[in-house]
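Descriptive structure summary
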Amino acid sequence: MWAITTVELKKKLQDKGLWFWTFILPIIFIIGFITIFSGVNNMEPEQLVTQIVPGYTVMFSFFIMISMVITFIKDRDSGMVARVASTPLPLKQFLIGKWLPFMIVVIIQIIVLLTFGVVVYDLPLGDPLALSVLSLTLAFISTSWGLAMSLLVNTENMGIALTQVIALGGAMLGGLWMPLEIMPDYMQTIAKFFPQFWGLEGYKLILVENGQIIDIWLPILVLISFGLAGGLLAFLAYPRFLRQSRS
Amino acid sequence: MIDVQGVSKTYGSNQALDNLQFQINEGNCYGLVGPNGAGKSTFMKILVGVLQRFDGDIQVFNHSVKENRLGVKSYIGYVPQDICLEELLTAKDNLIYFGKLYGLSGEHLRKRIKTVLEQIGLSEKANQKLTEFSGGMKRRLNIGCAILHEPSLIVLDEPTVGIDPQSRHSIFSLIQELKEAGSTVVYSSHYMEEVEELCDSVGLIDKGKLVEHGTMKQVLNKHRSASIFVSAEGISEEELSSHGVTIKKKTGFTVNCDDPLLTMENMIEQFRNKGIHPERLELSQSRLEDIFFNLTGTQLRDNG
């Protein structure tokens, strides 16, 4: 399993596209939107920063799905999946081995973006334990959905398109782009069906209300449930994915 | 022994494999031939444990592929048709990667990598990335990754596709070496002369069924028929067909007949009368390729 994780991490380090999606683009968005919304609607600077930095951190964490789809479809179509399946490595170790590097990338992404918020915009961080647990949970849900998507879609284009729908649609409806308080009641209800909402809700509880681990139990529970559903879907989709693999 | 026990596999309404039953003796090199879409790759995927749902079973050295999939996999080294290597890594890193997947580690893995690099002739290229490798070098490394763990059964699916003669020769020598070391080899190829040269036994699959199977000698003898090869300017297929079934080849015609000596005498007489001077007039025996065409026909198979 660690052999797969190590090789995948080595490949990720050389993937310039991943660096762009994961670190450069989110930072550009954070800077751009904070600049645009500064002084608009009488929003306090701290309110703006605690909305946009964690909001875009949550949104871009879901973009890892693109890299996962590309990696898995490439491995499927090159025959690598069937090749690895012919070794004595158990299925769950293969899936976890492939999954872990992407989780590590998302965790690094969250650390980089929150650190950027702290250094440039004085973002308050709150309780480190609660922040770490929530970030791990966010990395878990985004990559488990990425794994499920990678094993379910037939083509790379289909995967990328669906990722955009999930990442951008979830961000819009989940209240990542603007505070939900200014949206109609029905939109606030709809938002609760998206993991992005619970991700931001958790961060806000920690960053704004100085919440502890006990205060974020609900967002954590919801995110883990969404993540487990993704993981289960991926596990069920694997035999079909393997059948589609060239060899 | 590899014991294939009534293996069938369907994809929807398509019967990919239909009740395959045969045995491969330990230490044997078994050639698997068949047209595109015949079911060779499906069979190989089942044998190496990649395809998990099928009817029947395969016993690999007395271990059931169905009941002890992971155990069986450690006996097998699979060389897929596609080059399945990590392009961004070096040859050595690829070997380390696959070695670890097969459970090798430490000093044993290091020693095996050194030996395998020598066997596949890539010792000096060990630290080069695959982006700098030729197709033949990648094919050899593809095999190297499958033999690191010293498998008792090596399954090769079209290992010589698209490579230069030197690499092909090197791969042949390596397979001979593995055979001599006692490994059992299952070898699939579209190049019949390769199968005829390398393999002790052969199985011919068409439309998911085993249409012929036996030792190479048995199969060749069973279908042996004499023919005459003619290459001459000014001779047509119609003129030759009076001597027997005539097949147009690239550089001449093959005439199948019951009594080749008599037919040849008649042909020489015919050529003399017409003032034709043949460039080649040869007696030939059926090769595996002729048997393959006789059993499967010459119609194109583009569905697989």
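Residues numbered from 1 in each chain as written. Chains lettered and ligands numbered in written order. Predicted model: local features only at pLDDT ≥ 70, side-chain atom pairs only at ≥ 80, totals over all residues. Heavy atoms only, no water.

1. Observations concerning the overall build of chain A
Summing up its helical and strand segments, chain A has eleven helices and zero strands in all. Beginning at the N terminus, the succession of helices and strands in chain A can be written as α-α-α-α-α-α-α-α-α-α-α. A globule of 247 residues ought to have a C-alpha radius of gyration of about 18 Å, and chain A, at 18 Å, matches this closely. Viewed in the frame of its principal axes, chain A has a C-alpha envelope of about 60 × 35 × 35 Å. (Helix = DSSP H or I, 4+ residues; strand = E, 2+ residues; numbered from the N terminus. Rg over C-alpha atoms; globule rule 2.2 N^0.38 Å.)

2. Overview of the overall build of chain B
The helix and strand inventory of chain B stands at eleven helices and 14 strands. Expressed along its principal axes, the backbone C-alpha trace of chain B runs to roughly 80 × 45 × 35 Å. When burial is assessed residue by residue, chain B has 52% of its 304 residues classed as buried. Residue pairs at least 24 apart in sequence account for 66% of intrachain contacts in chain B once pairs closer than 6 positions are excluded. In the structure as shown, chain B presents an accessible area of about 14300 Å², 46% of it carried by carbon and sulfur atoms. In chain B, 33 side chains carry a positive charge and 40 a negative one; their mean positions are 6 Å apart. (Buried < 20%, exposed > 50% of the residue type's maximum accessible area, 1.4 Å probe, protein only. Contact = heavy atoms within 4.5 Å. Areas by Shrake-Rupley, 256 points an atom, 1.4 Å probe, with all protein chains shown as cover. Lys, Arg positive; Asp, Glu negative; His and termini not counted. Charge placed at Lys NZ, Arg CZ, Asp CG, Glu CD.)

3. Regarding the domain arrangement of chain B
On domain assignment, one finds that chain B holds domain 1 (2–221) and domain 2 (225–285). Each of domain 1 of chain B and domain 2 of chain B was reduced to a C-alpha centroid, and the two centroids are 41 Å apart. (Domains from an automatic or database assignment.)

4. Concerning the UniProt feature "domain: ABC transporter" (unreviewed entry) in chain B
Listed under "domain: ABC transporter" (unreviewed entry) in the UniProt record, and renumbered for this structure, are residues 2–232 of chain B. Between the end C-alpha atoms of residues 2–232 of chain B the distance is 49 Å, and the span holds 35% helix and 29% strand. (UniProt positions renumbered as here; feature names shortened; annotations may be inferred.)

5. Focus on the interface of chain B and chain A
Of the residues lining the interface, 30 residues belong to chain B; the matching set on chain A comes to 23 residues. Three residues stand out in chain B for area buried against chain A, namely Val50, Tyr97 and Leu101 of chain B, and they jointly supply 22% of the buried area on that side. The salt bridge involving Lys11 of chain A is made with Glu86 of chain B; its shortest N-O contact spans 3.0 Å. Linking chain B with chain A are six residue pairs in polar contact (both at pLDDT 80 or more). For the side of chain B that touches chain A, the leading source of residues is helix H3 (residues 91–101) of chain B, giving five residues. Here the side of chain B that touches chain A is composed, by residue class, of 17 nonpolar, four polar and nine charged. (Buried area = accessible area lost by both parts, 1.4 Å probe. Salt bridge = Lys/Arg side-chain N within 4 Å of Asp/Glu carboxyl O. Polar contact = N/O pair within 3.5 Å; in protein donor to acceptor, adjacent residues only side chain to side chain. Nonpolar A, V, L, I, M, F, W, Y, C, P; charged D, E, K, R; others polar.)

6. Considering empty space enclosed by the protein
For the structure shown, the criterion picks out two cavities of 30 Å³ or more. Reported here for the largest cavity is a volume of approximately 50 Å³. Surrounding the largest cavity, Glu8, Asp75, Met80, Val81, Val84, Phe94 and Lys98 of chain A together with Glu86 and Tyr97 of chain B form its lining. For the lining of the largest cavity, the secondary structure elements donating two or more residues are helix H5 (80–85) and helix H6 (91–121) of chain A. The greatest single-element share of the lining of the largest cavity, amounting to three residues, is contributed by H5 of chain A. Residues that form the lining of the largest cavity fall into these classes: five nonpolar, no polar and four charged. Together, Leu18, Trp21, Thr22, Phe60, Phe63, Ile64 and Gln109 of chain A line the second largest cavity. Considering each element in turn, the lining of the second largest cavity owes the most residues, three residues, to helix H2 (residues 16–37) of chain A. Class assignment of the residues belonging to the lining of the second largest cavity gives a composition of five nonpolar, two polar and no charged. (1 Å grid on protein atoms, 1.4 Å probe; cavity = no way out; pocket = protein on both sides within 12 Å on 5 of 7 lines; lining within 4 Å. Points joined across faces, edges and corners; volume = space filled by probe spheres on them.)

7. Comments concerning the sheet that holds strand S13 (residues 253–256) of chain B
The strands that make up a sheet are held in pairs by hydrogen bonds between backbone atoms, and each pair lies either parallel or antiparallel. Residues and elements named next belong to chain B. Across the sheet, four strands lie side by side as S12-S13-S11-S14; this open sheet has antiparallel pairing. Two strands in the sheet have a free side with no partner beyond their single neighbour: strand S12 (245–248) and strand S14 (280–285). Strand-to-strand twist of the sheet, defined as the mean angle between neighbouring strand axes without regard to direction, takes the value 25°. Judged from the six bridges that link them, strand S11 (residues 226–231) and S14 form a sheet pairing that is antiparallel. For Phe229, the partnering residue across the bridge sits in S14 and is Glu282. The strands touched by helix H10 (residues 260–274) within the sheet are S11, S13 and S14, with S14 carrying the most contacts at an inclination of about 165°. (Pairing = 2+ DSSP bridges. Axes fitted to C-alpha atoms, helices over the stretch in contact; angles between N-to-C directions.)

8. Focus: the state of the cysteines
All names here are of chain B. Tallied over the full model, the rule gives zero disulfides over all chains. Free of any disulfide, Cys29 has its nearest cysteine sulfur in Cys199, 3.6 Å distant. For the unlinked cysteine Cys145, the closest cysteine sulfur is that of Cys84, found at 9.8 Å. What makes Cys145 buried here is its relative accessible area of 1%. (Disulfide = S-S within 2.5 Å.)

9. Regarding the sheet that holds strand S7 (residues 153–157) of chain B
All names here are of chain B. Here six strands make up an open sheet; going across it, the order is S6-S7-S8-S3-S9-S10 and the pairing mixed. In this open sheet, the two strands that pair with only one neighbour each are strand S6 (76–79) and strand S10 (209–215). If you compare each strand with its neighbour and ignore which way they point, the axes differ by 15° on average. Relative to strand S8 (residues 184–188), strand S3 (residues 29–33) is paired through four bridges, and the arrangement is parallel. Note on S8: the bridge partner recorded for Gly31 is Tyr187. In the packing of helix H1 (residues 40–47) onto the sheet, the strands contacted are S3, S6, S7 and S8, and the crossing angle to S7 comes to about 150°. Helix H6 (residues 165–180) contacts S3, S7 and S8 of the sheet and is inclined by roughly 150° relative to S8.

10. Observations concerning the UniProt feature "transmembrane region" (unreviewed entry) in chain A
Residues and elements named next belong to chain A. Per the UniProt record, "transmembrane region" (unreviewed entry) is annotated on residues 18–40, 52–73, 99–121, 133–153, 160–178 and 216–238. Within the segment residues 99–121, helix and strand shares are 100% and 0% respectively, and the terminal C-alpha atoms sit 32 Å apart. Split by type, residues 160–178 is 74% helix and 0% strand. Its first and last C-alpha atoms lie 25 Å apart.

11. Considering the pattern of salt bridges
Residues and elements named next belong to chain A. Per the stated rule, a full pass over the model turns up 17 salt bridges over all chains. Glu8 serves as the salt-bridge partner of Lys11, at 3.6 Å between the closest nitrogen and oxygen. Of this pair, Lys11 and Glu8 are both found in helix H1 (residues 2–13), three residues apart, which corresponds to roughly one turn of the helix. There is no split in this pair, since Lys11 and Glu8 are both buried. In this structure, the salt-bridge partner of Glu8 is Lys98, at a minimum N-O distance of 2.7 Å. Of this pair, Glu8 sits in helix H1 while Lys98 sits in helix H6, and the two are 90 residues apart along the sequence. Both residues of the pair, Glu8 and Lys98, count as buried.

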